[in-house]
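Structure at a glance
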Number of protein chains: 6
Amino acid sequence: MTELGIVKRQIGRAERGAVDRLAQYGVATVHEAMGRVGLMKPYMRPIYAGPQVSGTAVTVLLHPGDNWMMHVVAEQIEPGDIVVAAITAEATDGYFGDLLATSFMARGAKALVIDAGVRDVKTLTEMGFPVWSKCISAKGTVKATIGSVNIPIVCAGAAVDPGDAIVADDDGVVVVPAAIVQRTVEAAAAREANEGAKRAKLASGVLGLDLYEMREPLARAGLKYID
Amino acid sequence: MTELGIVKRQIGRAERGAVDRLAQYGVATVHEAMGRVGLMKPYMRPIYAGPQVSGTAVTVLLHPGDNWMMHVVAEQIEPGDIVVAAITAEATDGYFGDLLATSFMARGAKALVIDAGVRDVKTLTEMGFPVWSKCISAKGTVKATIGSVNIPIVCAGAAVDPGDAIVADDDGVVVVPAAIVQRTVEAAAAREANEGAKRAKLASGVLGLDLYEMREPLARAGLKYID
Amino acid sequence: MTELGIVKRQIGRAERGAVDRLAQYGVATVHEAMGRVGLMKPYMRPIYAGPQVSGTAVTVLLHPGDNWMMHVVAEQIEPGDIVVAAITAEATDGYFGDLLATSFMARGAKALVIDAGVRDVKTLTEMGFPVWSKCISAKGTVKATIGSVNIPIVCAGAAVDPGDAIVADDDGVVVVPAAIVQRTVEAAAAREANEGAKRAKLASGVLGLDLYEMREPLARAGLKYID
Amino acid sequence: MTELGIVKRQIGRAERGAVDRLAQYGVATVHEAMGRVGLMKPYMRPIYAGPQVSGTAVTVLLHPGDNWMMHVVAEQIEPGDIVVAAITAEATDGYFGDLLATSFMARGAKALVIDAGVRDVKTLTEMGFPVWSKCISAKGTVKATIGSVNIPIVCAGAAVDPGDAIVADDDGVVVVPAAIVQRTVEAAAAREANEGAKRAKLASGVLGLDLYEMREPLARAGLKYID
Amino acid sequence: MTELGIVKRQIGRAERGAVDRLAQYGVATVHEAMGRVGLMKPYMRPIYAGPQVSGTAVTVLLHPGDNWMMHVVAEQIEPGDIVVAAITAEATDGYFGDLLATSFMARGAKALVIDAGVRDVKTLTEMGFPVWSKCISAKGTVKATIGSVNIPIVCAGAAVDPGDAIVADDDGVVVVPAAIVQRTVEAAAAREANEGAKRAKLASGVLGLDLYEMREPLARAGLKYID
Amino acid sequence: MTELGIVKRQIGRAERGAVDRLAQYGVATVHEAMGRVGLMKPYMRPIYAGPQVSGTAVTVLLHPGDNWMMHVVAEQIEPGDIVVAAITAEATDGYFGDLLATSFMARGAKALVIDAGVRDVKTLTEMGFPVWSKCISAKGTVKATIGSVNIPIVCAGAAVDPGDAIVADDDGVVVVPAAIVQRTVEAAAAREANEGAKRAKLASGVLGLDLYEMREPLARAGLKYID
């Protein structure tokens, strides 16, 4: 339950090996493999193009204009984690910059996902620390109000439990509940295995209409061709 | 007229040679050459910077969360076309990814312009298939509801008839009605011919105030200089 | 006071040497050094990543859809200035392109900051003229209505007086009032001097919780650890 | 075709009697009767709740921050018309107030639909002149740049030809092309005749699941009930 | 877990008596009583001012542009429930109108909370069926794609489990997890009991600075008074 | 200058009599009388329709999610003041409710203008305390971080100095600098005196085209009439 003032130290993380395998499939494939759920809203964008990562979520809930809990969550990071940060109200402040990134990297964090702003993005890019955020803002924060760490949160429209798998790339961010990570890896692998043959056929000029046998259902749905 | 459930196979495309020449002038010049109309809204952005293209519009109108008609429109693509996709309501779903791009490229499409989201943007960039879209989203779609192909549509605030010329670059997307493509090419060429001399003068320090003889009309409009 | 139809020719510019030194610290550090004020809203983004500049503001207030005053402000530019442009109402039109940039560069302008749209961004990027804007739009403007130059304006939520220092980079844009530029340079330098040691400690794994001695105040604020 | 600087005096208006009948059915029913197309975007809101009107469109295209053409369109109003106003770029200025409303009412206009702002809304409400707009804003406009009257426009995402029928109520605004007004009236009437019986059954507790025989298709689509 | 294609028939509802008592305290007080969490985003607005309700959540997750599941959820409504509807992606379509409202009222629903659009708002207002929604839109939906009923959802940024208490009024919508409804009623009552005395003192001119003894902590925080 | 941690007790208020007279003219007329400047952005809306007020500004700058300074500003209110509140970053929290309104009314405040959210709007409406705000939100704030009172601020895009006149009605909010209040009252009165005759002529069917002698300048600008 969402409650302020709590740091949960022991969380059940999704199995590392399976989580690591998710990255290669990318967000779109994983989202489809899960049954087309779990995406964060599309306003979540990478601060630089290219990274494709997966990791286990440590969650943090912060107060508007206050990044105190970013220091608290740092201590809870284990190698392979992705910090997922939500704010109790809409905020665009710059909660995170190069010093915090240095600390997060020292703890083994693979990325930050935050429903607010970050700053020092040029340095973060040089450091190679990927961030998905709502915006970029130099706006400074204070350290005066507590929030919580490792409680269930809603980040950019997606529910995240501590320990869930997070996958992020240029297409966005998806959350895979810990309980279905293994199953999702398998479904993603099956899905991808299937795509190579399709791509070759489409590249040769075969139409999706024929490849997926859509002509008959389209006609049944009432589609009419005219000249 | 906008009607759902129709695929028009025969459309009158703007003359290919003239359409092809539009690309070199770019969106800003073409828009001015047309008399300062025809632009899509500025939220339409390229998924990667650089491409500058022109082509003839094949149009498609889709249902929210449903990309079935993308497969239908693929069959109507001729080499040199640009697919222009509108949704019957505001949508951010990812209607298009690398498989559809493979199919569109096989048919000779030069680009996609869509008032919604696309996904697999890293792969699309590697493939060199340019897309202008409202957003990037991994959100999957279904194939359950029909729309129409090659009917007049409104895409990102601009009316598009099938066969119109489309020009797109880093500045956005402009629609040139088929009937005025030739005239627009000429106006754009004249406009550009005119710019070289102006640029040289401005670079040498001549002010636009003098180059365009604005001082007198500004004074007449009431502009006052104070120290 | 905000009044239309005025061009002020004599303005007191912040001391050039101090203004120039601000660039190296970047927006986030300068904003903190000023006491966490002065930022423009985070929707102001560079048209290309990388530039980090500082300069003295010459201000211009324009009418929606009308860029006439851009030519008027060009004459008031001195080397080292940054033009800061506001519109009397919300606007997304493309007020500025490569010709105006040529003129601005010839006058010695270092950048443009505009609460509206710009166009020809590919050429601007090639020319190396940095712009921070609300959006990119090819929409053409007219030259029919006067505004003012070098009056106090509000740009993207920040008050700007002519002669103030402007600092802009990938994190956004900050305004430093002329009267506190010297003091802000010193505070920024002190702040940065301080960061090297912190970074090294954080990189070695020391937590911010310990480095900044936060554990006790967090406990006093009521933070509870559970397992 | 969209061209600036034109006033078309002769337009073919949809048949008055049929247009008048559309008002009683309201926007939602008319939109469904047309085949689920023709709506303006939902940001178009009435300045006061309650009015439900229909009329024939006279169209006007204006420049940002400039309401000169509102006076030009006034002369083209015939009793029973609704003025539909679009701007060549996004704008929030207050293009219309009580004086123009007085003039429009004197000409027999039934309403204004505008993809921008209006002002004097308290007086407009007292006068009983309904307006659907993007926003309310006191921002004044100038009279310096021409646009066009009675050309095809795009208003709030919908294509409008002069003479089309417009229906507006608390649910929004729908455009009915002149050619299908008669057919749409009939379809709307049929639709509404059908609703009374349905409403009675639903009120008595019959479920839509049974009334519309959805249980079987839902099961076929894969819906599963669990306890 | 979020999964499509499921209808859960048995859910544990929060205790009716406690849920009913929440309405009288209103959203702001309940939100504070819960520890300042649980609010939906402020874009959720009532379609008409005045109603102040509480009820138990039955949840429904729908596809963009598709309201089929609204008929499925109707069957799961028990008297005293509030239907909470989320969409798998951002949508503004009109998912709900007077016929569905008739059905929901016949089942005993007290309100609808939906992160999308509704229509027939004039009739809904006359019927006295309160709705909190993201927008008002006449846009019709189809019935082609299944979602789920009574699974955990995220609606307008808030996590909602079936059976949770919902409180809604002119200030917005708050979710009270079933497990803490009783405790929240008590905290809200205590909070409100406390407010009468405060209000009287403030009305008599006593300042909050003195009533809440803020002068000393403000001085300690560094606040300086100047003349 | 904008600086945090300051309360200015002595401010020069615009002359009360002149300020009071501004209310009757309303926002649109005052804005025009000032030379078409000074408006806040149109997202600032009254929480209930109808009030038309003017007063002298006492300003307050607050931290995101923190309303501590609302209690500090209360003490600086004199009868006839309007509190104008800005936040150092974008915020939607509910900074103000019925208890603070009770306190503000006891001090003689005429209204609140706030670039953030307010709550208890039903009670505020019953109390007759008018508020213009960015949004309505029940989101609670903390009291942990100081800001400033009676410093120059930017609120919703408009610069406000303490002591300036504020006019607010259903059309929005306008700021009249103290130095030009008298002149603005006179200009507004002249403007309004002028409108009665115009309204009568327009009501009788005289066109603005003729009343304002626009036909010739429109023709000169190139407007063409076609049939």
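Now for a quick tour of the structure. (Residues numbered from 1 in each chain as written. Chains lettered and ligands numbered in written order. Predicted model: local features only at pLDDT ≥ 70, side-chain atom pairs only at ≥ 80, totals over all residues. Heavy atoms only, no water.)

The interface is formed by 34 residues belonging to chain B together with 35 residues belonging to chain A. For the pair chain B and chain A, the summed buried area comes to about 3,100 Å², and 62% of that belongs to carbon and sulfur atoms. The tally of links from chain B across to chain A stands at four salt bridges. Of the charged contacts, one joins E32 of chain A and R119 of chain B as a salt bridge, the two residues approaching to 2.9 Å between their closest N and O atoms. Applying the counting rule to chain B against chain A returns 12 residue pairs in polar contact (both at pLDDT 80 or more). Of all the elements in the fold, those that place two or more residues in the side of chain B that touches chain A are strand 1 (6-8), helix 2 (68-76), helix 3 (98-107) and helix 4 (121-127) of chain B. Of all the elements, helix 2 of chain B adds the most residues to the side of chain B that touches chain A, at seven residues. Within the side of chain B that touches chain A, the residues separate by chemical class into 13 nonpolar, 11 polar and 10 charged. Sheet topology places strand 12 (residues 224-226) of chain A next to strand 1 of chain B; three bridges connect them, and they run parallel. Across the sheet, residue I226 of chain A finds its bridge partner in strand 1 of chain B, namely K8 of chain B. (Contact = heavy atoms within 4.5 Å. Buried area = accessible area lost by both parts, 1.4 Å probe. Salt bridge = Lys/Arg side-chain N within 4 Å of Asp/Glu carboxyl O. Polar contact = N/O pair within 3.5 Å; in protein donor to acceptor, adjacent residues only side chain to side chain. Helix = DSSP H or I, 4+ residues; strand = E, 2+ residues; numbered from the N terminus. Nonpolar A, V, L, I, M, F, W, Y, C, P; charged D, E, K, R; others polar. Pairing = 2+ DSSP bridges.)

On to the interface of chain D and chain F, then. By a widely used convention, the size of an interface equals the accessible area lost when the partners come together. Each side of the interface is counted separately: chain D has 34 residues, and chain F has 34 residues. In this assembly, chain D packs against chain F so that about 3,000 Å² is buried in total across both faces, 62% of it on carbon and sulfur atoms. Linking chain D with chain F are four salt bridges. Two residues, D98 of chain D and R199 of chain F, come together in a salt bridge whose shortest N-O distance is 2.7 Å. Counting across the chain D and chain F interface gives 12 residue pairs in polar contact (both at pLDDT 80 or more). Listing elements by their share of the side of chain D that touches chain F, those giving two or more residues are strand 1 (6-8), helix 2 (68-76), helix 3 (98-107) and helix 4 (121-127) of chain D.

All names here are of chain C. The contact between helix 1 (residues 16-33) and helix 5 (residues 181-203) brings their axes to 8 Å, and the two run at 65°. Classified by the angle between their axes, helix 1 and helix 5 sit roughly perpendicular to one another. For the crossing formed where helix 1 meets helix 5, the hand is left-handed. From helix 1, A18, V19, R21, L22, Q24, Y25, T29, V30, E32 and A33 reach across to helix 5, where they touch V181, Q182, T184, V185, A187, A188, A189, R191 and E192. Here the contact of helix 1 with helix 5 is composed, by residue class, of 11 nonpolar, four polar and four charged. (Axes fitted to C-alpha atoms, helices over the stretch in contact; angles between N-to-C directions. Parallel < 35°, antiparallel > 145°, perpendicular 65-115°, else oblique. Left-handed = near helix turned anticlockwise from the far one by under 90°.)

This part is about the relation of the copies chain B and chain A. Expressed as a screw transformation, the operator carrying chain B onto chain A has a rotation angle of 120° and an axial translation of 0.0 Å, and the superposed copies differ by an RMSD of 0.0 Å. Both copies are brought into coincidence by an operation consistent with a three-fold rotation axis. (Least-squares fit on C-alpha atoms with pLDDT ≥ 70 in both.)

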